[in-house]
Amino acid sequence: MTDDKDVLRDVWFGRIPTCFTLYQDEITEREAEPYYLLLPRVSYLTLVTDKVKKHFQKVMRQEDISEIWFEYEGTPLKWHYPIGLLFDLLASSSALPWNITVHFKSFPEKDLLHCPSKDAVEAHFMSCVKEADALKHKSQVINEMQKKDHKQLWMGLQNDRFDQFWAINRKLMEYPAEENGFRYIPFRIYQTTTERPFIQKLFRPVAADGQLHTLGDLLREVCPSALAPEDNPTPKRQGLDVQACAQKV
């Protein structure tokens, strides 16, 4: 995987054209113009929306501003989900730009976690990275890294620096040739059609007979309802998104 640099770059630099609009009931001193951004799919809303926040705060009174949150067609957007995941789950069949509504009041306590600062995003991200490495390497790689490596990994993501991020992340994606793969593949299958937000199980990359598993093998084992009938192997779109857990690939 670490040799597929062109593919990794294409994934990293994937962008979603997005239009941010202030919620109609927010109190403003003058008309709030929409704000447009190209959102990086591999990042988090909280990391890339400082300009959005400043744009709308210019037309609001300070006393009317509280914690910012976002929604799409009535669904609050979880800040701890990657942007690409949110789009794929909720808006992939919609026309672009993606229309997101901005709120500064009536925080949906039952639907969203509070995000007091970017430190909360960093803590969540690093927790996911450590969980993934526990499955892949028994935590050996992440534990051997120094604190500055952890910080470089995070700063690469926060500042959208591909080379800075992958200089560290490549260590998490390697394994000895004799082992023929990770212990387990860290993944989550996210759903919108059930009350269970995602599926996560132990899954080995290599079958007992030595054959490498495919994405289709994984889906057949853990989420067969996502697959079309055998005579049509194309996976069905049922509000489902498969992600490599905590790895921006």
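If you're wondering where the values come from, they're calculated on a predicted model, not measured in any experiment.

Quick notes on the rules
- Every chain is numbered on its own, with residues counted from 1 as its sequence reads.
- With pLDDT at 70 or above as the cut-off, local features in this predicted model cover only qualifying residues; side-chain atom pairs require 80 or more to be listed or tallied, and sums for whole chains, interfaces and linings still use all residues.
- Neither water nor hydrogens contribute to the side-chain values; these are computed over all heavy atoms in the structure.
- Secondary structure elements follow DSSP: runs of H or I of four or more residues count as helices, runs of E of two or more count as strands, with numbering from the N terminus.
- For the exposure calls, accessible area comes from a 1.4 Å probe over protein chains only, and a residue counts as buried if that area is under 20% of its type's maximum, exposed if over 50%, partly exposed in between.
- Using the Shrake-Rupley algorithm and a 1.4 Å probe, accessible areas are obtained, with residue cover drawn only from the displayed protein chains.
- The criterion for strand pairing is that DSSP finds at least two bridges linking the strands in question.
- Classification of ring pairs rests on two measures: the distance between centres of Phe, Tyr or Trp rings, Trp counted by its six-membered ring, which must be within 6.5 Å, and the angle between planes, read as stacked under 30 degrees, edge-to-face over 60 and tilted in between.
- Only Lys NZ and Arg CZ are tested; either one counts as a charge over a ring when it is within 6 Å of the ring centre and within 35 degrees of the ring normal.
- To estimate the expected span of a helix, subtract one from its residue number and multiply by 1.5 Å.
- When checking whether two residues touch, look at their non-hydrogen atoms; a contact exists if any pair is within 4.5 Å.
- Each axis is a line fitted through C-alpha atoms, and for a helix only the stretch in contact is used; angles between axes span 0 to 180 degrees, taken between their N-to-C directions.
- An angle counts as roughly parallel when it lies under 35 degrees, as roughly antiparallel when it exceeds 145, as roughly perpendicular when it falls between 65 and 115, and as oblique in every other case.
- Each crossing is labelled by how the near helix is turned from the far one, with a counterclockwise turn of less than a right angle marking it left-handed and a clockwise turn marking it right-handed.
- Lys, Arg, Asp and Glu make up the charged group, whereas Ala, Val, Leu, Ile, Met, Phe, Trp, Tyr, Cys and Pro make up the nonpolar group; the residues left over, Gly among them, are polar.
- Directions drawn from the helix axis to the C-beta atoms are what define this arc.
- Residues adjacent in sequence count toward polar contacts only when both atoms are side-chain atoms; beyond that, a polar contact is any pair of N or O atoms within 3.5 Å, and within protein one must be able to donate a hydrogen and the other to accept it.
- For patch detection, residues must exceed 30% relative accessible area and be free of salt bridges, and they are connected within 9 Å for like charges or within 5 Å for nonpolar side chains (Val, Leu, Ile, Met, Phe, Trp, Tyr).
- The working definition used for a salt bridge is a side-chain nitrogen of Lys or Arg within 4 Å of a carboxyl oxygen of Asp or Glu.
- Here the positive residues are Lys and Arg and the negative ones are Asp and Glu; neither His nor the chain ends is included.
- Charged side chains are reduced to one point each, which is NZ for Lys, CZ for Arg, CG for Asp and CD for Glu.
- Throughout, nonpolar core names a set of buried Ala, Val, Leu, Ile, Met, Phe, Trp, Tyr and Cys residues whose side chains join them through atoms within 4.5 Å.

Any chance you could explain the overall build of the protein here in plain terms?
Looking only at helices and strands, the protein features nine helices and eight strands. Put simply, the protein has 249 residues, and 43% of those count as buried. Surface exposure of the protein reaches about 14000 Å², of which carbon and sulfur atoms provide 49%.

Any chance you could explain the pairing of strand β5 (residues 98-103) here in plain terms?
Residues in a regular strand point their side chains to alternate faces of the sheet. With five of six residues buried, β5 is to be regarded as a mostly interior element. Inspection of the sheet shows strand β1 (residues 15-22) paired to β5 by five bridges, in the parallel sense. Looking across to β5, one finds that T21 is bridged to T101. Alignment of strand β3 (residues 69-72) against β5, held across three bridges, turns out to be antiparallel. Bridge pairing in β5 places E71 opposite T101.

Is there a simple way to think about the packing of aromatic side chains in this case?
How two aromatic rings sit relative to each other is given by the distance of their centres and the angle of their planes. Counted under the stated rule, the structure contains 11 aromatic pairs. Summarising the aromatic geometry, the rings of W12 and F165 are spaced 5.0 Å apart at their centres and angled 45° between planes, so their arrangement reads as tilted. Of this pair, W12 sits in helix α1 (residues 5-12) while F165 sits in helix α8 (residues 162-172), and the two are 153 residues apart along the sequence. Geometrically, the ring pair formed by F87 and W98 is edge-to-face, given 5.3 Å between the ring centres and 70° between the ring planes. A residue pair is termed long-range when its members are at least 10 positions apart, and F87 in helix α4 (residues 83-90) and W98 in strand β5 qualify at 11 residues. Of the two residues, F87 and W98, both sit in the buried class. Across from the ring centre of F198, 4.9 Å away, lies the NZ or CZ of R188, which sits over that ring.

Explain helix α7 (residues 147-158) here, please?
Each full turn of the α-helix corresponds to 3.6 residues, which orients residues three or four apart in the same direction. With 12 residues, α7 should cover 16 Å at 1.5 Å per step; its first-to-last C-alpha distance of 16 Å lies within 8% of that length. Buried residues along α7 sit in contact with α1, α2 (45-48), α5 (118-137), α6 (140-144) and α8. Once α7 finishes, D160 follows within two positions and takes phi at roughly 60°, a positive value.

Please clarify how the packing of α7 against α8 should be interpreted in this entry.
Any two packed helices are characterised by the angle at which their axes cross and by the distance between the axes. With their axes 7 Å apart at the nearest point, α7 and α8 run at an angle of 125° to one another. Compared by their axis directions, α7 and α8 come out oblique. Seen from above, α7 lies across α8 with left-handed handedness. Packed against α7, whose contacting residues are D149, Q152, L153, M155, G156 and L157, the element α8 presents Q164, F165, A167, I168, N169, K171 and L172 at the interface. Taken together, the residues that form the contact of α7 with α8 break down as seven nonpolar, four polar and two charged.

Which parts of the structure should I look at to understand helix α9 (residues 215-222)?
Turning to α9, its buried residues number three or more, namely L218, L219 and V222. For α9, the angular spread of buried residues about the axis comes to 95°, placing them on one side. Among the residues of α9, the N-terminal cap falls to T214, whose side-chain oxygen and the backbone nitrogen of G216 are separated by 3.3 Å.

I tried to follow a positive patch on the surface on my own but got confused; where do I start?
Together, R30, K51, K54 and K58 make up a positively charged patch on the protein surface. For R30, the position within the fold is in the loop between β1 and β2 (35-40).

I would appreciate a short explanation of the sheet that holds β1 in the present structure.
Strand pairing in a sheet relies on backbone hydrogen bonds, with the paired strands running either antiparallel or parallel. On the basis of which strands lie adjacent, the open sheet formed by five strands has the order β2-β1-β5-β3-β4 and mixed pairing. Each edge of the sheet is formed by a strand with only one pairing partner; in this case those strands are β2 and β4 (75-76).

Quick question: what am I supposed to make of the nonpolar core here?
Inside soluble globular proteins, nonpolar side chains tend to come together where they are buried. Counting 27 residues, the largest nonpolar core has F20, F56, F70, L77, W98, V102 and F104 as its most contacted members. Looking at this core, the elements with two or more residues in it are β1, β2, α3 (50-57), β3, α4 and β5. Per-element accounting of this core gives the leading share, five residues, to α4. L47, W79, M126 and I142 belong to the second largest nonpolar core, which has 23 residues in total.

Spatial relationships are all this shows, so hold off on functional conclusions.
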